[in-house]
Amino acid sequence: MAMTFCIAPSLLSADFARLGEEVKNVIAAGSDWIHFDVMDNHYVPNLTFGPMICSALKPHAKTAAGVAVPIDVHLMVQPVDALASAFADAGADLISFHPDATSHVHRSIQVIKSKGCKAGLAFNPGQPLDVLDWVIEDIDLIVIMSVNPGFGGQSFIDSALRKIEDVRRRITASGKNIRLEVDGGVKVDNIRQIADAGADTFVAGSAIFGKPDYKAVVDAMRASLAA
Ligand code: DX5
Ligand code: ZN
């Protein structure tokens, strides 16, 4: 089956004074998902936005034709469960968390799924994938961090490529329809190499919002993926 690629611009690099407009513009540029980075100044050394901002943006997360664009919430928070639940109520479609940020990974996954959202696990560059041995059957998304979480605009850490290959093998072995997202330092000039390692979903913050023409970047990414 041909792989379908998803591009998920991260609002972390958007203009926070014009978030609704930024969501609309980046959807008009061809985004598949909107990536929403939640930082708590505890699990990571930065602070961003909470569920109220997510629900305020939800009505803007649709194409001009009215088709909903999924909101992909990336929780960099500790603990996980209460905020995951609040984001589900705020309109999140997918919710990912870091397994080391919760005492009970399986329970946190169930909290997300019981709210009707898709559940994801996010792995930092220095973290092993072992927990997947026990929960891969329960999740919809695996996020490989290719930077240490907390900030946009960092450089891609190459060991993520090996980790993506490992995750792709695990997904294939599971036989499940699980998306493999890579987050951090994704640019037009490395997206193809990342896809070749096995990723199908690409978060890009500074690469898109750092440029005046979002569509030109999204188109260039799709062209590299298609080449
Ligand atoms: C980092 C965030 C990323 C970040 C990516 O903690 O999880 O989603 O926005 O930004 P870039 O694409 O600039 O590396
Ligand atoms: Zn993220």
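> Explain the sheet that holds strand β8 (residues 201–204) here, please?
Backbone-to-backbone hydrogen bonds join strands into a sheet, with any given pair of strands oriented parallel or antiparallel. Here eight strands make up an open sheet; going across it, the order is β1-β8-β7-β6-β5-β4-β3-β2 and the pairing parallel. The open sheet has two edge strands, β1 (6–9) and β2 (34–39), and neither has a second partner. Strand-to-strand twist across the sheet, computed as the mean angle between neighbouring axes with direction ignored, equals 25°. As paired elements, β2 and strand β3 (residues 71–76) share six bridges and run parallel to each other. Bridging across to β3, D37 finds its partner in H74.

> Sorry if this is basic, but what is going on with the coordination of the zinc ion (ligand 2) here?
Where a metal carries four tetrahedral donors, each ideal angle is 109.5 degrees; where it carries six octahedral donors, the ideal angles are 90 or 180 degrees. H35 (NE2), D37 (OD), H74 (ND1) and D183 (OD) make up the full set of protein donors to the zinc ion (ligand 2), lying at 2.0 to 2.3 Å. The site at the zinc ion (ligand 2) holds six donor atoms, and with the angles between them running 69 to 171°, its shape is octahedral. Written as a sequence motif, the donor residues of the zinc ion (ligand 2) are H-x1-D-x36-H-x108-D. Of the two residues, H74 is situated in strand β3 and D183 in strand β7 (residues 179–183); the sequence distance between them amounts to 109 residues. Considered together, H74 and D183 belong to a single accessibility category, that of buried residues.

> How do you make sense of the environment of D93 when you look at a structure like this?
If you trace the backbone, D93 turns up in the loop between α3 (81–89) and β4 (94–97). For D93, a relative accessible area of 28% puts it in the partly exposed group. Residue contacts for D93: discarding those within four places in its chain leaves K58, V69, P70, I71, C117 and K118. At 3.1 Å, the side chain of D93 forms a polar contact with the side chain of K58.

> Explain the pattern of salt bridges to me, please; I cannot follow it from the model alone.
Between side chains of opposite charge, pairing is possible as soon as their charged atoms come close. What the rule picks out here adds up to 12 salt bridges. With a closest N to O distance of 3.2 Å, D200 and R168 form a salt bridge. In this pair, D200 sits in the loop between α7 (191–197) and β8 while R168 sits in helix α6 (residues 159–174), placing the two residues 32 residues apart along the sequence. Taken as a pair, D200 and R168 share a single burial class, namely buried. One salt bridge connects R179 with D200, and the closest N-O pair in it is separated by 3.6 Å. Pair noted here: R179 is in strand β7 and D200 is in the loop between α7 and β8, with a separation of 21 residues, a long-range link. Assessed through its relative accessible area of 6%, D200 is described here as buried. One network of salt bridges, in which partners are shared, links D15, R18, E21 and E22.

> Would you explain the site of ligand 1 in this entry?
As a matter of local geometry, ligand 1 sits amid 20 residues, with D37, G153, D183, G205 and S206 nearest to it. In the model, an oxygen atom of ligand 1 is placed 2.8 Å from a nitrogen or oxygen of the G150 main chain. For ligand 1, an oxygen atom lies 2.8 Å from a polar atom in the backbone of G153. Taking 380 Å² as the accessible area of ligand 1 by itself, protein coverage stands at 100%. Taken together, the elements giving at least two residues each to the shell around ligand 1 come down to β2, β3 and β8. Here the shell around ligand 1 is built from residues that sort into eight nonpolar, 10 polar and two charged.

The rules behind each value
- Residues numbered from 1 in each chain as written.
- Chains lettered and ligands numbered in written order.
- Predicted model: local features only at pLDDT ≥ 70, side-chain atom pairs only at ≥ 80, totals over all residues.
- Heavy atoms only, no water.
- Pairing = 2+ DSSP bridges.
- Helix = DSSP H or I, 4+ residues; strand = E, 2+ residues; numbered from the N terminus.
- Axes fitted to C-alpha atoms, helices over the stretch in contact; angles between N-to-C directions.
- Donors = N, O, S within 2.8 Å, 3.2 Å for Na, K, Ca; no water.
- Tetrahedral: all angles 85-135°; square planar, octahedral: opposite > 155°, others 65-115°.
- Buried < 20%, exposed > 50% of the residue type's maximum accessible area, 1.4 Å probe, protein only.
- Contact = heavy atoms within 4.5 Å.
- Polar contact = N/O pair within 3.5 Å; in protein donor to acceptor, adjacent residues only side chain to side chain.
- Salt bridge = Lys/Arg side-chain N within 4 Å of Asp/Glu carboxyl O.
- Near = heavy atom within 4 Å.
- Areas by Shrake-Rupley, 256 points an atom, 1.4 Å probe, with all protein chains shown as cover.
- Nonpolar A, V, L, I, M, F, W, Y, C, P; charged D, E, K, R; others polar.

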